[in-house]
Amino acid sequence: MATSVDSVNDSSDYVKDYSCVACESKNIELCADFFCETCLKCFCQTCLYHHDQMFVNHVTYGRGESNKWPLTKTTEDLLLKCDVHNSETLKMFCQDHSQLCCSDCLLVNHRQCKNVALISESAKNPSVDIQQLSNKIQIILADLNKFKRSQEASIHFVEGSYSEKLQEIREVRKKLNADLDGLENSTLKELDTIRSTLQTSLKKDVDNCSRLKDELQQLSEAVQGLCDKSKKDIEFIASRKCLDKILESESYLKENSVKVQSSIIFKANIDLTST
Ligand SMILES: [Zn+2]
Ligand SMILES: [Zn+2]
Ligand SMILES: [Zn+2]
Ligand SMILES: [Zn+2]
């Protein structure tokens, strides 16, 4: 009655459904630890002790040998029920379709089939080795497990990669902000320069106008004071000065009044290169 920890763990799904029949008769629900091959009954540790006192020659099996135990109700139900019609039990096997059938299956899909036999008949000539199938299941289980673990690892990888990209996007955004700040600052500086250049030139015009205006005003007053004073020399000088100043003023106006109105033009370049 060797019981290894590993086999208990492996077969725990089967074993947990067995309860001790002796305890059950006393309305106590207790998990069975042994199966007697002769009585075809399961017992807990305590009840097995009493059983062994009475039946010295009965062979019993512990949980480690669950393959010697009968099928549990759950396992039996799982195997015997029709996968399509859950409330029905599998009774026939259709050779034509190579399919297990319940009575509903037969009615719906296999009325025309010629090679339908009772399962008890078909079971007489088993075509596949159950041990081979079991081995194949173990291989597929291992493959599924491997694939599952790899996909689980991928989930973590995707998460990590997501965080990384998120960080990168934030960095790009930060850099764009800094670049835009820099662009704004240099544009503002340019705007300041343009303003002061224009203001300087306009102020110079205002100053020149004021100077010419003052000089013409003074000459105009001086000329009026000369009227009827018969001072030919000074009159000559005055007229020369008036002529010069008039010429200077006219040419100044001619040169400068054609200047276009000063305004500042700003055109935003909204093309942002995509990163
Ligand atoms: Zn018991
Ligand atoms: Zn027994
Ligand atoms: Zn069915
Ligand atoms: Zn069929």
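Residues numbered from 1 in each chain as written. Chains lettered and ligands numbered in written order. Predicted model: local features only at pLDDT ≥ 70, side-chain atom pairs only at ≥ 80, totals over all residues. Heavy atoms only, no water.

Student: Can you lay out the coordination of the zinc ion (ligand 3) for me, pointing to particular residues and giving the numbers?
Tutor: Donor atoms from the polypeptide that bind the zinc ion (ligand 3) are C82 (SG), H85 (ND1), C102 (SG) and C105 (SG), placed at 2.0 to 2.3 Å. Viewed at the metal, the four donor atoms of the zinc ion (ligand 3) are separated by angles of 101 to 117°, and the geometry they form is tetrahedral. Taken in chain order, the donor set of the zinc ion (ligand 3) reads C-x2-H-x16-C-x2-C. Taken together, the positions of C82 in the loop between α4 (73-80) and β4 (92-94) and C105 in helix α5 (residues 103-109) put the pair 23 residues apart, joining distant regions of the chain. Comparing C82 with C105, the two get one shared label, buried. (Donors = N, O, S within 2.8 Å, 3.2 Å for Na, K, Ca; no water. Tetrahedral: all angles 85-135°; square planar, octahedral: opposite > 155°, others 65-115°. Helix = DSSP H or I, 4+ residues; strand = E, 2+ residues; numbered from the N terminus. Buried < 20%, exposed > 50% of the residue type's maximum accessible area, 1.4 Å probe, protein only.)

Student: Outline the coordination of the zinc ion (ligand 1), supporting the account with residue identities and numerical values.
Tutor: Distances from the zinc ion (ligand 1) to its protein donors, C20 (SG), C23 (SG), C44 (SG) and C47 (SG), fall at 2.2 to 2.3 Å. Of note is the zinc ion (ligand 1), whose four donor atoms meet at the metal with angles of 103 to 115° in an arrangement that counts as tetrahedral. In primary-sequence terms, the residues that donate to the zinc ion (ligand 1) follow C-x2-C-x20-C-x2-C. Remark: C44 occurs in the loop between β2 (41-43) and α3 (45-54) and C20 occurs in the loop between α1 (5-15) and α2 (21-25); sequence separation between them is 24 residues.

Student: Report on the domain arrangement of the protein, specifying residues and quantitative values.
Tutor: It is common to report an interface's size as the accessible area lost on association of the parts. By domain assignment, the protein separates into domain 1 (5-68), domain 2 (84-122) and domain 3 (151-257). On a C-alpha basis, the centres of domain 2 and domain 3 stand 100 Å from each other. (Domains from an automatic or database assignment.)

Student: Account for a nonpolar patch on the surface, naming residues and giving values.
Tutor: A cluster of nonpolar residues, L71, L78, L79 and L80, forms a patch on the protein surface that exposes about 410 Å² of accessible area. Tracing the sequence through the fold places L79 in helix α4. (Patch = residues over 30% accessible without salt bridge, like charges linked within 9 Å, V, L, I, M, F, W, Y side chains within 5 Å. Areas by Shrake-Rupley, 256 points an atom, 1.4 Å probe, with all protein chains shown as cover. Salt bridge = Lys/Arg side-chain N within 4 Å of Asp/Glu carboxyl O.)

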